[in-house]
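Examining the three-dimensional arrangement
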Amino acid sequence: MISPIIAGKGISMRLGRGAGQVEALKGIDLSLYGGQLTLLMGPSGSGKTTLLSILGCMLCPTAGTIEVGGCDTIGARPEQLARIRRGQIGFVFQRYRLLPTLSALDNVRLALDVRGDHSRHATEKASATLDGFGLSHRRNAYPHELSGGEQQRVAIARAIVADPAALLADEPTGALDGDSGHGVMTVLARVARDPSRAVLVVTHDPRIVPFADRIVHIEDGCITGDESSLDRALRPAVAASCYA
Amino acid sequence: MPLVVKLACRNLVQDRLRFVATVVGIVFSIVLVTVQLGLYLGFERTVTTMIRHAHADLWVVPRGTKCFEDPSLLDERKRAAALAVGGVADAVPLLIGFAEWSVTGGGTTPVFVIGSTLGAGGLRPWNIVVGSIGALAGAHAVAADKTYFDRLGVTGLGDTVAIRGDKAHIAAVTDGIRSFTTTPYIFTTLDRARAYTGIPPGRVSYFLVHLAPGADTDTVRRQLAAKLPSAEVLTPAQFSARSRSFWLFGTGAGAALIAGALLGVIVGTVIVAQTLYSSTKDHLNEFATLRAIGAAAGYVNQAIVCQALVSAVIGFLFAACISAVAVEVTKDSALPILMTPELTLGLFVLTVSMCIISAFAAIVQVIRIDPMRVFMS
Ligand SMILES: Nc1ncnc2c1ncn2[C@@H]1O[C@H](COP(=O)(O)OP(=O)(O)OP(=O)(O)O)[C@@H](O)[C@H]1O
Ligand SMILES: [Mg+2]
């Protein structure tokens, strides 16, 4: 049986206050498994980002439970959530969110630095990760000197350099043209091949569907579809764990 | 360089104008504090110059004396009583007072006359550049400081003038014996000083007590005090403290200097706090990203405190250079700005604490940050 890396059960989320309050998520069950690239698709305002941030321990849901690596995160305080993110989760954002004053290499190194690794080894690891994404020649470039696709690949390098158990990407190709988007998805699909790592990609973009092992549809805060297009060999094990 | 320091420096330099404004703010504030405190120290030092140069072990002063320049007088016959106390090697009389110096071209200017024995136990002029102490034994001989020559209407050694109608002849010239009251000091013998100041015979200003080898200062002080009920017996430190508190706090000058320094600290803190706050506001997205990728609050705070520290160190270096110039320029003035290693160290600590306190508002802002803003486009 394969146990999920992140398991969310009965997740509900109310956002806003008073008359503007929105029921963004309505009792969602969603688990992410290692070695899988899961696409989360749905119309604008359907709750994708909200769900991703709850699974990524950035937000606490109004109801439901989240287990990351088998540990319950409900009731954790912001500092404890930050520790869980630090230990288990990598994020990729639509707007890259690289630090403009640091070089590509330093941006990647930063992810290790916030984890307390200030060693020379950290620099080597960051460098090797960039190299792996075909960015060896752009190491010393600053974000504004990089193309959108390059920036997003640096951001992915930053997200995985510390070997998180889960990589969560919110519209990673949203700001990119077709070719760059394809390059970024290729990289993400490769990252997802590691059986110990789950990848969740929130998207609007139907062109990236072929990269998915699994596609989850969300509408108005509810999951409306969950198709596994994953490797046949894995399917029985995952199915078994869902029924466990 | 640790990454967090690099990040802090880059954030600072990114907005050059603001960084310059921060540093200028720190520099102004620290220079202001330095000048005020330096003047305070200089003032403290200047008002006790005479006490320091008298090298007495104890001072016998008229009861209620407030400072060295105090015009109260003692009965000279008390000297015998003082000498009778065990452990007292000598009690040298000292006479001080204001007198009128007739300027050669007409008119008068006040001077402060110090009359003392020319022997080792007295208060003799120092820093003599022309002439000698021995020459002061000659008829009508006085010593004057060359800084005041213009005011005194003299040109140098050998000039003859009149003090309170009596002849005075410049037999020694000193350099740098300046008074914070700007009244020139004139050194001479005890008798001549009596004539110049008009202090009646049998009266003196102080006794400079020198102890016999091995005598205990405190014991002698107590015995002297018992013997001389109309006088007070002070250690040089006590007399200095009295002079200081009279001139610095009796006149309000010290309070003004300290208030100025305090103002400098407040202005500096506000300026740094303001610029750090606005810089943090501008980099809020980056700090939110740091939080989103798992940075602890402490890590982000480190970045902000680092920015504050870098500003502090750079600001302090500039301020120290400017202050060094101010110290050099005022070195020979009536009121020199004094810098001591302790003051320099203290100012550095002050600069750093000022900047760290200033970081507080920025830190509060970052603690409240919502990492969710990283998802907004
Ligand atoms: N801070 C908030 N306060 C109130 N309502 C919010 C807040 N954030 C999101 N919402 C609402 O919650 C719902 C879900 O938002 P969410 O951002 O998760 O949607 P999404 O699927 O990511 O949309 P998009 O595709 O446009 O990014 C939306 O109706 C949105 O308006
Ligand atoms: Mg969204």
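Residue indices follow the written sequence of each chain, beginning from 1 at its first position. Chain letters and ligand numbers both follow the written order, the letters beginning at A and the numbers at 1. Local features in a predicted model are, by the rule used here, given only for residues with pLDDT of at least 70; side-chain atom pairs are given and counted only at 80 or more, and totals for whole chains, interfaces and linings are based on all residues. Side-chain calculation: all heavy atoms of the structure are included, whereas hydrogens and water are not.

Here we look at the overall build of chain A
Our working rule: Every helix listed is a DSSP run of H or I at least four residues long, and every strand listed is a run of E at least two residues long, numbered separately from the N terminus. Between the two quantities, the radius of gyration covers C-alpha atoms and the globule rule is 2.2 Å times the number of residues to the power 0.38. Each residue's exposure class comes from its accessible area (1.4 Å probe, protein chains only) as a fraction of the maximum for that residue type: buried when under 20%, exposed when over 50%, partly exposed otherwise. In short, Shrake-Rupley with a 1.4 Å probe defines the accessible areas, and a residue's cover is counted only from the protein chains shown. This count recognises Lys and Arg as positive and Asp and Glu as negative, with His and chain-terminal groups excluded. For this purpose, a charge sits on NZ of Lys, CZ of Arg, CG of Asp or CD of Glu.
Across its full length, chain A carries 7 helices and 10 strands. Computed over C-alpha atoms, the radius of gyration of chain A comes to 18 Å, within 12% of the 18 Å expected from 2.2 N^0.38 for 244 residues, which places it in the range of a compact globule. With respect to the three principal axes, the spread of C-alpha positions in chain A is 45 × 40 × 35 Å. Out of the 244 residues in chain A, the part that is buried amounts to 53%. As displayed, chain A offers around 10300 Å² of accessible surface, 50% of which is attributable to carbon and sulfur atoms. For chain A, the separation between the mean place of its 26 positive charges and that of its 25 negative charges on side chains is 3 Å.

Structural notes on the overall build of chain B
Applied cut-off: The contact definition used throughout considers only heavy atoms, calling two residues in contact when any of these lie within 4.5 Å.
If you tally the helices and strands in chain B, you get 12 helices and 12 strands. Relative to the 2.2 N^0.38 estimate, which gives 21 Å for 377 residues, the radius of gyration of chain B is 29 Å and therefore markedly larger than a compact globule would have. Its C-alpha atoms put chain B at 95 × 50 × 30 Å along the principal axes. Looking at chain B as a whole, 51% of its 377 residues are labelled buried. For chain B, contacts bridging at least 24 residues in sequence account for 80% of all contacts bridging at least 6. Only carbon and sulfur atoms are counted for the fraction: they give 64% of the accessible area of chain B, which is about 16000 Å². Across chain B, 30 positive and 24 negative side-chain charges occur, with their mean positions spaced 4 Å apart.

Some points on the packing of aromatic side chains
Spelled out, the test is: Centres within 6.5 Å make a pair out of two Phe, Tyr or Trp rings, where for Trp the six-membered ring is used; the pair is then stacked when the planes are under 30 degrees apart, edge-to-face when over 60, and tilted otherwise.
One pass over the structure, following the stated rule, counts 17 aromatic pairs over all chains. Aromatic side chains A:Phe93 and B:Phe375 sit 5.5 Å apart centroid to centroid with 70° between the ring planes, which places their arrangement in the edge-to-face category. With A:Phe93 in the loop between strand S6 (89–92) and helix H3 (104–113) and B:Phe375 in the segment after helix H12 (341–367), the pair connects residues from two separate chains. As far as the burial class goes, A:Phe93 and B:Phe375 line up, both buried. Both rings, one in B:Phe180 and one in B:Trp247, keep their centres 4.8 Å apart while their planes meet at 75°; by these two values the pair is edge-to-face.

Description of the site of ligand 1
All names here are of chain A. To be explicit about the condition: The criterion for a residue being near a molecule or strand is simple. One of its heavy atoms has to lie within 4 Å of it. Nitrogen and oxygen atoms within 3.5 Å of one another constitute a polar contact, given that in protein one can donate a hydrogen and the other can accept it, and given that sequence-neighbouring residues count only through two side-chain atoms.
Within the structure, ligand 1 sits among 14 residues, and Ser44, Gly45, Lys48, Thr49 and Thr50 are positioned closest to it. Interatomic distance of 2.8 Å between a backbone N/O atom of Gly45 and an oxygen atom of ligand 1. Coverage of ligand 1 by the protein chains reaches 61% of its 630 Å² of free accessible surface. Secondary-structure elements contributing two or more residues to the shell around ligand 1 are strand S2 (22–32) and helix H1 (48–55). In terms of residues, the shell around ligand 1 owes the most to one element, H1, which gives 3 residues.

Describing the interface of chain A and chain B
Here is the rule: Buried area: the sum, over both parts, of the accessible surface (1.4 Å probe) that disappears when the two are put together. Salt bridges are identified by distance alone: a Lys or Arg side-chain nitrogen within 4 Å of an Asp or Glu carboxyl oxygen.
The partner chain B presents 26 residues to the 27 residues of chain A that form the contact. Together, the buried faces of chain A and chain B total about 2500 Å²; carbon and sulfur atoms form 63% of this surface. By the criterion of area lost to chain B, the three top residues of chain A are A:Arg97, A:Thr101 and A:Val114, representing 24% of everything that side buries. The tally of links between chain A and chain B comes to 2 salt bridges.

Here's the deal with empty space enclosed by the protein
Rolled over the atoms, a probe as big as a water molecule pinpoints where empty space is left. All names here are of chain B. Rules: Here a cavity denotes grid points, spaced 1 Å and computed from the protein atoms alone, that fit a 1.4 Å probe unable to get out, and a pocket denotes an open set having protein on both sides within 12 Å along at least 5 of 7 lines; residues with an atom within 4 Å of a point are the lining. Grid points are joined across faces, edges and corners, and a volume is the space filled by probe spheres set on the points. When residues are sorted by character, Ala, Val, Leu, Ile, Met, Phe, Trp, Tyr, Cys and Pro go into the nonpolar class, Asp, Glu, Lys and Arg into the charged class, and all the rest, Gly among them, into the polar class.
On inspection of all chains with the given rule, the structure shows 5 cavities of 30 Å³ or more. In this structure, the largest cavity spans a volume of roughly 80 Å³. Forming the walls of the largest cavity are Asn11, Leu12, Asp15, Arg18, Phe19, Thr22, Thr275, Leu276, Ser279, Gln307 and Ser311. Only helix H1 (3–14), helix H2 (16–46), helix H9 (253–282) and helix H11 (297–330) provide two or more residues apiece to the lining of the largest cavity. Of the residues in the lining of the largest cavity, the class split is 3 nonpolar, 6 polar and 2 charged.

Section: the pattern of salt bridges
Inspection of the entire model under this criterion finds 20 salt bridges over all chains. The shortest N-O distance in the salt bridge between A:Arg139 and A:Asp131 comes to 3.2 Å. Through salt bridges with shared partners, a single network forms among A:Asp106, A:Arg109 and B:Lys6.

Notes on the domain arrangement of chain B
Residue and element names in this part refer to chain B. To keep it simple, the criterion reads: How far each domain reaches was decided by an automatic or database domain assignment.
Entries for chain B in the domain assignment read domain 1 (3–46 + 252–376) and domain 2 (58–234). One C-alpha centre belongs to domain 1, the other to domain 2, and the line joining them spans 48 Å. Taken together, the contacts link 6 residues of domain 1 with 4 residues of domain 2. In this structure, the connection of domain 1 to domain 2 is made through 0 salt bridges.

Quick word on the packing of H2(B) against H9(B)
Helix-helix packing is described using two parameters, namely the angle between the two axes and the distance between the axes. All names here are of chain B. Definition in use: To get an axis, fit a line to the C-alpha atoms, keeping to the stretch in contact for a helix; angles then go from 0 to 180 degrees between the N-to-C directions. Roughly parallel here means an angle under 35 degrees, roughly antiparallel means over 145, roughly perpendicular means 65 to 115, and every remaining angle is called oblique. Throughout, a crossing is termed right-handed when the near helix is turned clockwise from the far one, and left-handed when it is turned anticlockwise from it by less than a right angle.
Their axes nearest at 9 Å, the elements H2 and H9 cross at an angle of 165°. The angle between H2 and H9 falls in the class roughly antiparallel. At the point where H2 passes H9, the crossing takes the left-handed sense. Taken together, the residues of the contact of H2 with H9 sort by class into 16 nonpolar, 11 polar and 2 charged.

Re the nonpolar core
We apply this condition: Residues belong to one nonpolar core when they are buried, are Ala, Val, Leu, Ile, Met, Phe, Trp, Tyr or Cys, and are joined through side-chain atoms within 4.5 Å.
Within the largest apolar cluster, 77 residues are counted, with the highest numbers of intra-cluster contacts made by A:Ile6, A:Leu51, A:Leu55 and B:Leu290. Top element by residues in this core is H12(B). It accounts for 9 residues. In this view, A:Ile6 contacts A:Leu30, A:Ser31, A:Leu32, A:Leu55, A:Ile66, A:Glu67, A:Val68, A:Ile89 and A:Ala166; residues no more than four positions away in its chain are not counted. A:Leu105, A:Ala159, A:Ala169 and A:Val184 belong to the second largest nonpolar core, which has 41 residues in total.

Some details on unusual backbone geometry
Unusually for a residue other than glycine, A:Arg97 sits at a positive phi of about 60°. Looking at the element boundaries, A:Arg97 is found in the loop between S6 and H3. You will see that B:Asn127, though not glycine, has its phi angle at about 55°, which is positive. Examined against the element boundaries, B:Asn127 turns out to sit in the loop between strand S4 (108–116) and strand S5 (128–131).

Observations concerning the pairing of strand S4 (residues 63–68) of chain A
Residue and element names in this part refer to chain A. In plain terms, the rule: DSSP bridges decide pairing: two strands pair if at least two such bridges lie between them.
The sheet contact formed by strand S1 (residues 6–15) and S4 spans 5 bridges and is antiparallel. Looking at S4, one finds that Gly8 is bridged to Ile66. The pairing of S4 with strand S5 (residues 71–72) spans 2 bridges and is classified as antiparallel. Residue pairing for S5: Val68 is matched across the bridge by Cys71. Turn length for the S4-S5 hairpin, with the two strands adjacent in sequence and antiparallel, is 2 residues, and the turn residue Gly69 shows positive phi of about 55°.

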